[in-house]
Amino acid sequence: MNLPKITLGLVATEPGSSRRNKTGSWRTLRPVVDEKKCKRCWLCVIYCPDSAMNKGEKSARPDYDYCKGCGICAAECPAKAITMEQEVR
Ligand code: SF4
Ligand code: SF4
């Protein structure tokens, strides 16, 4: 009997494939950091569920390739240094 070949689903065949999936394209709002207000406490870096907020020299820096615009960083920032602005494409 000739059975059709079934391919595996939901299997990561190589490491690092999530880097190619630029989830920033899902975003409708984007976090914007005010350098003057940022205290560099890095709470936003810790809270970002997508590891899309990074430590910058002067302030936190969103990685817009992967930031989904959830707004958690803005909600958690004690200095109110992050505002969520409408994404323009
Ligand atoms: S939480 Fe706010 S003050 Fe702290 S690093 Fe992030 S943007 Fe700066
Ligand atoms: S908006 Fe959400 S995904 Fe984007 S940097 Fe802030 S916490 Fe991370």
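Residues numbered from 1 in each chain as written. Chains lettered and ligands numbered in written order. Predicted model: local features only at pLDDT ≥ 70, side-chain atom pairs only at ≥ 80, totals over all residues. Heavy atoms only, no water.

Topic: the overall build of the protein chain
Part 1 of the argument: Scanning the protein chain for helices and strands turns up two helices and four strands.
Part 2 of the argument: Going residue by residue from the N terminus, the α and β elements of the protein chain occur as β-α-β-β-α-β.
Part 3 of the argument: Against the 2.2 N^0.38 benchmark of 12 Å for 89 residues, the protein chain shows a C-alpha radius of gyration of 18 Å, more extended than a compact globule.
Part 4 of the argument: A principal-axis box enclosing the C-alpha atoms of the protein chain has dimensions of 70 × 25 × 20 Å.
Part 5 of the argument: When each of the 89 residues of the protein chain is scored for burial, the buried share is 27%.
Part 6 of the argument: Working note: accessible area of the protein chain is about 7,000 Å², and carbon and sulfur atoms make up 52% of it.
Part 7 of the argument: Measuring between centres, the 16 positive side-chain charges of the protein chain sit 1 Å from its 10 negative side-chain charges. (Helix = DSSP H or I, 4+ residues; strand = E, 2+ residues; numbered from the N terminus. Rg over C-alpha atoms; globule rule 2.2 N^0.38 Å. Buried < 20%, exposed > 50% of the residue type's maximum accessible area, 1.4 Å probe, protein only. Areas by Shrake-Rupley, 256 points an atom, 1.4 Å probe, with all protein chains shown as cover. Lys, Arg positive; Asp, Glu negative; His and termini not counted. Charge placed at Lys NZ, Arg CZ, Asp CG, Glu CD.)

A short note on the site of ligand 2
Part 1 of the argument: Surrounding ligand 2, one finds P31, C48, P49, D50, M53, C67, K68, G69, C70, G71, I72 and C73.
Part 2 of the argument: A majority-of-atoms criterion places ligand 2 in the largest cavity.
Part 3 of the argument: When the residues that make up the shell around ligand 2 are grouped by side-chain class, the tally is eight nonpolar, two polar and two charged. (Near = heavy atom within 4 Å. 1 Å grid on protein atoms, 1.4 Å probe; cavity = no way out; pocket = protein on both sides within 12 Å on 5 of 7 lines; lining within 4 Å. Sits in = over half its atoms within 2 Å of the grid points. Nonpolar A, V, L, I, M, F, W, Y, C, P; charged D, E, K, R; others polar.)

Notes on the site of ligand 1
Part 1 of the argument: Around ligand 1, the neighbouring residues are C38, K39, R40, C41, W42, C44, A60, C77, P78, A79 and I82.
Part 2 of the argument: Mapping ligand 1 onto the cavity grids shows that it belongs to the second largest cavity.
Part 3 of the argument: When its residues are assigned to classes, the shell around ligand 1 shows nine nonpolar, no polar and two charged.

Observations regarding the packing of aromatic side chains
Part 1 of the argument: Overall, the coordinates contain zero aromatic pairs when judged by the stated rule.
Part 2 of the argument: Looking at R30, its charged tip hangs above the ring of Y64, at a distance of 3.9 Å from the centre. (Phe/Tyr/Trp six-rings, centres within 6.5 Å; stacked < 30°, edge-to-face > 60°. Lys NZ or Arg CZ within 6 Å of the ring centre and 35° of its normal.)

Regarding the nonpolar core
Part 1 of the argument: V33, C44, M53, A60, C73 and I82 are the most contacted members of the largest nonpolar core, which totals 14 residues.
Part 2 of the argument: Beyond its immediate sequence surroundings of up to four residues, A60 is in contact with V33, C38, W42, C44, M53 and N54. (Core = buried A, V, L, I, M, F, W, Y, C linked by side-chain atoms within 4.5 Å. Contact = heavy atoms within 4.5 Å.)

Some words on the layout of surface pockets
Part 1 of the argument: Space inside the largest pocket adds up to approximately 180 Å³.
Part 2 of the argument: S18, R19, N21, T23, D50, S51, D63 and Y66 are the residues that line the largest pocket.
Part 3 of the argument: Across the lining of the largest pocket, the residue classes break down as one nonpolar, four polar and three charged. (Points joined across faces, edges and corners; volume = space filled by probe spheres on them.)

Re the pattern of salt bridges
Part 1 of the argument: For the coordinates displayed, the defined rule picks out four salt bridges.
Part 2 of the argument: E87 is paired through a salt bridge with R27; the nearest N and O atoms lie 2.6 Å apart. Of this pair, E87 sits in the segment after β4 (82-86) while R27 sits in the segment before β1 (29-33); the two residues are 60 residues apart in sequence, bridging distant segments of the chain.
Part 3 of the argument: Of the residues examined, R27 reaches a relative accessible area of 5% and is grouped as buried.
Part 4 of the argument: A relative accessible area of 12% places E87 in the buried class.
Part 5 of the argument: Shared partners join several salt bridges into a network, and the residues in it are R27, R30 and E87. (Salt bridge = Lys/Arg side-chain N within 4 Å of Asp/Glu carboxyl O.)

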